[in-house]
Amino acid sequence: MSKTRREFLRGSLALMALPRLPQILPQQAKPVLLRDELWYNKPAARWLEALPIGNGKTGGMVFGGPQVERLALSDSTAWSGAPATGEVNPGALPHLQEIRGLFFAGKYDEAQSLCSKYLPGHSKNFGTNLPLPELRFTSDDLQDPADYRRSLNLDEAVVNVRFRSGDIHFEREFFATHACGVIAVRFTSNHPGQISFRTEFGALTIPAMIASAGQDTLVLQGHAYEPMHSTGHDGVAVQIRARILAEGGSVSSSAQAIAVHNANAVTVLIALATSYGNADPDAQCNTALQHAAGKIFQQLRKDHIADYQQLYRRTFIDLGPSASNVRAQPTDVRRKALENGADDPELLALFFQYGRYLTIAGSREDSPLPLALQGIWNDGLASSMGWTDDFHLDINTEQNYWPAEVCNLSECQAPLFTLIDILRAGGRTTAKEMYGAPGWVAHTIANPWGFTAAGGTGWGVVVTAGVWISLQLWDHYTFNPDVEFLRARAYPALREAAEFFLAYMVAEPKHGWFVTGPSDSPENWYTTPSGSHAAESMGNTIDRVLVYALFSMCIEAAQTLNVDDNLRQRLESARAKLPPFQIGRHGQLQEWMEDFEDAIPNHRHTSHLISLYPEHQISPRTTPELAHAAEITIQRRINAPHWEQSEWGRANLIVYYARLLKGNEAYESLLGLLAKATEDNLFTISSAGIAGADQNIFAIDGNTAGSAGIAEMLLQSQAGEIEFLPALPASWPNGTIRGLCARGGYVVDIEWRNGKFASATVSSRHGGSIPVRYGDHKTTLHLHAGEKIHLRPDSFMQRV
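Just so we're clear, the structure is a prediction, and the values are computed from it rather than from any experiment.

### A look at the overall build of the protein chain
Check the secondary structure of the protein chain and you find 19 helices and 35 strands. A compact globule built from 800 residues should have a C-alpha radius of gyration of about 28 Å, and the protein chain, at 27 Å, falls within 12% of that. Viewed in the frame of its principal axes, the protein chain has a C-alpha envelope of about 85 × 65 × 50 Å. By residue count, 64% of the 800 residues in the protein chain fall in the buried class.

Following this line, the structure appears as structure tokens:
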């Protein structure tokens, strides 16, 4: 039963009088330190200084201005565009064999010309996620704010703004609650009658109408229309409702604003919904507001924190203490100090947890869509670029979910699996129309409308992109060995993709290798024998890596499920015919089947190195020569003049070096990510001058992949064993990590002292036996479901 407005206000005032009691942590709780906080001593002047909140669907960026508070709104479903037909280039299938013949004959320039003409699809109604208007709170009477502090508490997912005006102390709290589906804002002060402001929307970013509903509610109704990536008249309907609940004082409305005068405290509830999935935004907003308004603010806050902490508090990290004078500095000052060589392990630990925070805030189990290029936040820059704020399947969307399993946020992957289902449906049409093959296929870019056709040549013809994103299904299964998930979700998608590649791939005439093509190695170009540049080829290395992974996953799944014996045998035969990895003239791992020279030696992509991570096809222990070639590839790329550094490229270096067991190099790459590709609010950025951008643009993949990289330095489990501290850098001599996950359903806590393993606890969710490695020593654990075992250095008696 919902409370009346009077009951809401009476209850809020009663709770305000109660002393704040210490929180009792749930059983899985980890120690909470002050370093789980981003804080600043001034308001945000730019979007990349504002602080993010999110409930898995709706996002907000809090600027913290005392006189003009800005809350920039966004939503994962605020998409332009619409489902479409005719997206496949009709010339692709008729010219497929001709293009392949030209490549095999060494006529690369002619083949590239035909690729440019006949492969790119038609995406006139592709769309993009769009930014939504700001909600602004203007306090004209505030004078000379002092003692300012703005913070984001990662442990509670609450943004706090505090300042003083004269002898009046003001405080604001912001959070996006998944438990109630709204954004809640609370305005308070230490004296009654001091809260006055005007609420209105900022400049419109979509076509919309604004009106007040009664005295206390502001309503925006519009459509996610834009002409750059769609027709200009296709997109979801959008509604935003902001309800003002004042305690004391008065509330009045005008046509497009709500004014509060001399209130003791104010709660603002913001609901945002769209018509995505045929939803009714008006009904959704009203339902969410009614539900939230039925609770006093303190109960909303309590429910929000409890819902959030059951995910966040699963993992704890301590990489050692920072100096007290460093710790006392605001976050932006500390980040800038890294550029000058400062040592700040607590900031690196904060960055790890920040990536987990953004994953929780942006992607929950019931989220309708997964994290896009900018997560669920949107500043309008990516969406106004040629590459849009969409799902990039040639590294970015994969990186968005790299930390989900190892960092103990497995449920957060669920929305990605929904997108894979959408792509699988649309990909059947693309497979048939573009390649004349069964099964499904997706290329480089995707949207919620099921676009799977090829994009432009040089970047958009990554034929294995659907396999790449589907690795996340297998990852979920290997970390959580649920046979029913394998049977119902993972294997059907993987099997259908394997059916496509069995029909699509052809024998290369020189060696008889089973190869893909024409396809891109994202998003790189090579120099042809004539001196020209080409992008598409036959049998590039990334396709070999992903097809090998796909066939291997399907073979294991068929054996586990005891199904599809004939298909399994066909896959085993085809896998045996895939091209081998090759080492080129410079000692590098070849990116293409032929030993071409890079047309762009400083290129940002190193896609063939996914053989190191997330795959385990190259390893210093099992394939040392290839591992060395991979390392040479890295060095040649990053040491080339004017290396195209990017946030996701720097994050790649962390996981690559971690898999190469080179902790110091992984650490330096992590420092480079924070110092060179991270902004003041710790958002990672695609730097100006890269990929056509003329200014820094936020992309969440560096945050999430950076967290995954730190985890990979401390724990690995891809080789059929759990390995402690595989890439521990000298800069972290003492530390603790708790709550990381290992494949097979294990949860691991590790402590180290003086650069060496000190102790660990391994817990099993499902039971089983697993080898555990530390350096050159191993032991094997045998655990029942729910059992845990404690390990010390003398637990490792077997030398390997």
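### Concerning the pattern of salt bridges
Within this structure, the stated rule accounts for 49 salt bridges. The partner of R149 in a salt bridge is E37, and the shortest N-O contact between them spans 2.8 Å. On the criterion of sequence distance, the pair formed by R149 in strand β6 (residues 146-153) and E37 in strand β1 (residues 37-40) is long-range, its members being 112 residues apart. On the basis of relative accessible area, E37 is assigned to the buried category, the value being 19%. A salt bridge links E134 to R70; its shortest N-O distance comes to 2.6 Å.

### Details of the pairing of strand β16 (residues 265-274)
Within β16, ten of the ten residues are buried, which leaves the element mostly enclosed by the surrounding structure. Side chains A265, T267, L269, A271 and A273 project from β16 onto one buried face, and the interleaved V266, V268, I270, L272 and T274 project onto a second face that is buried too. Relative to β16, strand β9 (residues 182-189) runs antiparallel, the two sharing six bridges. Along β16, the bridge assignment pairs A184 with L269. Pairing analysis gives ten bridges linking strand β13 (residues 237-247) to β16, with the strands arranged antiparallel. Directly across from L245, in β16, lies its bridge partner T267.

### Let's talk about the sheet that holds strand β34 (residues 788-791)
Across the sheet, five strands lie side by side as β17-β29-β30-β31-β34; this open sheet has antiparallel pairing. Only two strands of the sheet have a single neighbouring strand rather than two, namely β17 (316-318) and β34. Pairs of neighbouring strands in the sheet enclose a mean axial angle of 20°, with direction left out of account. Alignment of strand β31 (residues 756-764) against β34, held across four bridges, turns out to be antiparallel. Note on β34: the bridge partner recorded for V762 is I789.

### Description of the packing of aromatic side chains
Summed over all chains, the structure comprises 36 aromatic pairs. Ring centres of W79 and F391 lie 5.8 Å apart, and the angle between their planes is 20°; on these two criteria the pair is classed as stacked. In this pair, W79 sits in the loop between β4 (68-75) and α2 (92-104) while F391 sits in strand β18 (residues 391-392), placing the two residues 312 residues apart along the sequence. Like W79, the residue F391 is buried in the burial classification. When the centroid spacing of 4.1 Å and the interplanar angle of 15° are considered together, the rings of Y526 and F596 count as stacked.

### Things to note about the pairing of strand β3 (residues 58-62)
Burial of β3 is extensive: five of the five residues sit out of reach of the surface. Side chains of β3 alternate between two faces, with T58, G60 and V62 and G59 and M61 buried alike. Bridge count between strand β2 (residues 51-54) and β3: four bridges; the pairing is antiparallel. Bridge assignment links G54 to a residue of β3, and that residue is G59. Linkage of β2 to β3, two consecutive antiparallel strands, is achieved through a turn of three residues, within which G56 is found at a positive phi near 95°. The pairing of β3 with β4 spans five bridges and is antiparallel. The residue of β4 that forms the bridge with G59 is S74. From the end of β3 to the start of β4, which pair antiparallel, there are five residues, and G64 there has a positive phi angle of about 80°.

### With respect to the environment of G689
Its location among the elements puts G689 in the loop between β25 (685-686) and β26 (697-698). Since its relative accessible area comes to 62%, G689 is described here as exposed. Sequence separation of G689 and S763 is 74 residues, and the distance between their C-alpha atoms is 47 Å.

### Comments concerning the confidence of the model for the protein chain
Confidence in the prediction for the protein chain averages 94 pLDDT; 96% of positions are at 70 or higher. The low-confidence segment residues 1-33, where pLDDT is below 50, has 51 contacts with residues more than four positions distant or belonging to other chains.

### Considering the sheet that holds strand β28 (residues 722-724)
Read across the sheet, five strands follow the order β27-β28-β32-β33-β35 without closing on themselves; strand pairing throughout is mixed. Since the sheet does not close on itself, it has two edges, and those belong to β27 (715-716) and β35 (798-799), each with one partner. Inspection of the sheet shows strand β32 (residues 768-774) paired to strand β33 (residues 777-783) by seven bridges, in the antiparallel sense. From the neighbouring strand, I770 faces β33, where its bridge partner is L781.

### What to know about the nonpolar core
F724 and W732 are the most contacted members of the largest nonpolar core, which totals 240 residues. Not counting residues up to four positions away in its chain, the partners in contact with F724 are L714, L715, V748, I750, F757, A760, V762, V772, R773, Y774, L791 and F796. By size, the runner-up hydrophobic cluster in this structure holds 16 residues, among which are A271, A273, L289 and A293.

### Examining the environment of L626
Within the secondary structure layout, L626 lies in helix α16 (residues 624-638). Separated by 277 residues in the primary sequence, L626 and A349 have C-alpha atoms spaced 32 Å apart. Apart from residues no more than four positions distant in its own chain, L626 is found in contact with F581, I583, L589 and I618.

### Observations concerning the packing of helix α17 (residues 647-659) against helix α18 (residues 663-676)
It is at 8 Å that the axes of α17 and α18 come closest, and there the two elements cross at 165°. When the interaxial angle is binned, α17 and α18 end up roughly antiparallel. The two elements α17 and α18 cross, and the hand of that crossing is left-handed. In this structure, α17 contributes E647, R650, A651, L653, I654, Y657 and A658 to the contact, and α18 contributes E665, A666, S669, L670, G672, L673 and K676.

### A closer look at the packing of helix α8 (residues 345-362) against α18
As a packed pair, α8 and α18 sit with axes 12 Å apart at the nearest point and diverge in direction by 75°. Between α8 and α18, the angle is such that the two are roughly perpendicular. Facing α8, whose interface residues are L347, L348 and F351, α18 presents Y667, L670, L671, L673 and L674. Within the contact of α8 with α18, the residues separate by chemical class into eight nonpolar, no polar and no charged.

### Describing the side chain of E69
Relative to the helices and strands, E69 resides in strand β4. Owing to a relative accessible area of 0%, E69 belongs among the buried residues under this scheme. Excluding residues within four positions of it along the chain, E69 makes contact with V62, F63, G64, L135, R136, F137, V161, R172 and F174.

Reading the values: rules and limits
- Residues numbered from 1 in each chain as written.
- Predicted model: local features only at pLDDT ≥ 70, side-chain atom pairs only at ≥ 80, totals over all residues.
- Heavy atoms only, no water.
- Helix = DSSP H or I, 4+ residues; strand = E, 2+ residues; numbered from the N terminus.
- Rg over C-alpha atoms; globule rule 2.2 N^0.38 Å.
- Buried < 20%, exposed > 50% of the residue type's maximum accessible area, 1.4 Å probe, protein only.
- Salt bridge = Lys/Arg side-chain N within 4 Å of Asp/Glu carboxyl O.
- Pairing = 2+ DSSP bridges.
- Axes fitted to C-alpha atoms, helices over the stretch in contact; angles between N-to-C directions.
- Phe/Tyr/Trp six-rings, centres within 6.5 Å; stacked < 30°, edge-to-face > 60°.
- pLDDT = per-residue confidence, 0-100.
- Contact = heavy atoms within 4.5 Å.
- Core = buried A, V, L, I, M, F, W, Y, C linked by side-chain atoms within 4.5 Å.
- Parallel < 35°, antiparallel > 145°, perpendicular 65-115°, else oblique.
- Left-handed = near helix turned anticlockwise from the far one by under 90°.
- Nonpolar A, V, L, I, M, F, W, Y, C, P; charged D, E, K, R; others polar.

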